[in-house]
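What follows is the residue order along each chain.
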Amino acid sequence: MSTTSTAPSRRASRESGKSTRQSLLRAATEVFAEHGETASVAQICQRANAFPNQVTYYFGSKEQLFVEVACAAVLRAGRHAEEAAANATTVREYTHALIGSLLGSEARSVEMFTTAMLLVARRPDLREHISETLHTLHERGGDALMATLVRTGWQLRAPIDVEAKAFWSATFGLVVQKAATGAEFGYTLEESVAVIFTNLQIPENVLDQPLSGLETPRASKLARGSSTSGGSALKGTS
């Protein structure tokens, strides 16, 4: 009798807990985007209609909550950038739409993630979440390169996973520089694209090549495997 009567209560408690955690995440996403990592637990709880001890209960600390929010934010930023570039008709349009999104509407999310990376230097217990997020970004970056540049016939100068890592490293650097310099950033979109894609050395005829009608290569995971198994960097050709 007691077992059957407590089961619905437990389910209700679990559902309530999930709802509270999601409310805190939504509120923290908004508050951290507005105020950065210096936002207080009180500000987050006021927005979520929650109590400070619930942040500790569900996340362990404000720092852990910030890292979780920042990791989710940069993954969304990458997805939104890919969506912004999805309708590009040439490689040039694709690179401009992609970088324009990451340095524009999605810059704040990317900036939060760079702050989170610096934070975990002092909190190694939070490092795993950052590492997993970077792995996902690099994997998606490799997929995006396969879906665009590689299917034009352009050969990468290094294994595709290395190029994806270089892409995000350069993006993080420009976002931090833009956040630090504000109106004095000094890079045009064209220059920003050049900085991020400089290692690819993409020739003009590839930049202006249409993306429609090109055959999509085999699954990127197989391609990445063949790239890394070769042992040597590929030479770029037009």
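Structure first, text after, so check above.
These numbers were taken from a predicted model, which means no experiment stands behind them.

About the cut-offs
Residues numbered from 1 in each chain as written. Predicted model: local features only at pLDDT ≥ 70, side-chain atom pairs only at ≥ 80, totals over all residues. Heavy atoms only, no water. Helix = DSSP H or I, 4+ residues; strand = E, 2+ residues; numbered from the N terminus. Expected span 1.5 Å × (residues − 1). Buried < 20%, exposed > 50% of the residue type's maximum accessible area, 1.4 Å probe, protein only. Phe/Tyr/Trp six-rings, centres within 6.5 Å; stacked < 30°, edge-to-face > 60°. Core = buried A, V, L, I, M, F, W, Y, C linked by side-chain atoms within 4.5 Å. Contact = heavy atoms within 4.5 Å. Axes fitted to C-alpha atoms, helices over the stretch in contact; angles between N-to-C directions. Parallel < 35°, antiparallel > 145°, perpendicular 65-115°, else oblique.

Undergrad: Mind showing me how you'd approach helix H6 (residues 107-120) here?
TA: Residue pairs spaced three or four apart in an α-helix point in one direction, given the helix's 3.6 residues per turn. The end-to-end C-alpha distance of H6 is 20 Å, a good match for the 20 Å that 14 residues give at a rise of 1.5 Å each. Every buried residue of H6 is listed here: Ala107, Ser109, Val110, Met112, Phe113, Thr114, Ala116, Leu119 and Val120.

Undergrad: How should the packing of aromatic side chains be read in this particular structure?
TA: Two numbers describe a pair of aromatic rings. These are the distance of the centres and the angle of the planes. Evaluated as defined, the whole model comprises seven aromatic pairs. Look at tryptophan 168 and phenylalanine 172: their rings are 5.6 Å apart centre to centre, the planes differ by 40°, and that puts the pair in the tilted class. Of this pair, tryptophan 168 and phenylalanine 172 both sit in helix H8 (residues 160-181), four residues apart, roughly one helical turn. Accessibility assignment for this pair places tryptophan 168 and phenylalanine 172 in one class, buried. Ring-pair connections join several aromatic residues into one group, and the members of that group are Phe113, Phe167, Trp168, Phe172 and Phe197.

Undergrad: Looking at this model, I keep getting lost on the nonpolar core. Mind explaining?
TA: Soluble globular proteins tend to pack their nonpolar side chains together in the buried interior. Grouped together as the largest cluster of nonpolar side chains are 64 residues, with contacts concentrated most on Phe32, Leu65 and Phe197. The dominant element in this core, judged by the number of residues it contributes, is helix H4 (residues 62-85), at twelve residues. Not counting residues up to four positions away in its chain, the partners in contact with leucine 65 are Leu25, Ala28, Phe32, Ile44, Val55 and Phe59.

Undergrad: Just checking my understanding: could you explain the packing of H6 against H8 for this structure?
TA: Axes are the key here: two packed helices are described by the angle between their axes and the distance separating the axes. Running from N to C, H6 and H8 cross one another at 100°; their axes reach a closest spacing of 9 Å. With respect to each other, H6 and H8 are oriented roughly perpendicular. Touching Ala107, Val110, Glu111, Phe113, Thr114 and Met117 of H6 are Phe172, Val175, Val176 and Ala179, all from H8.

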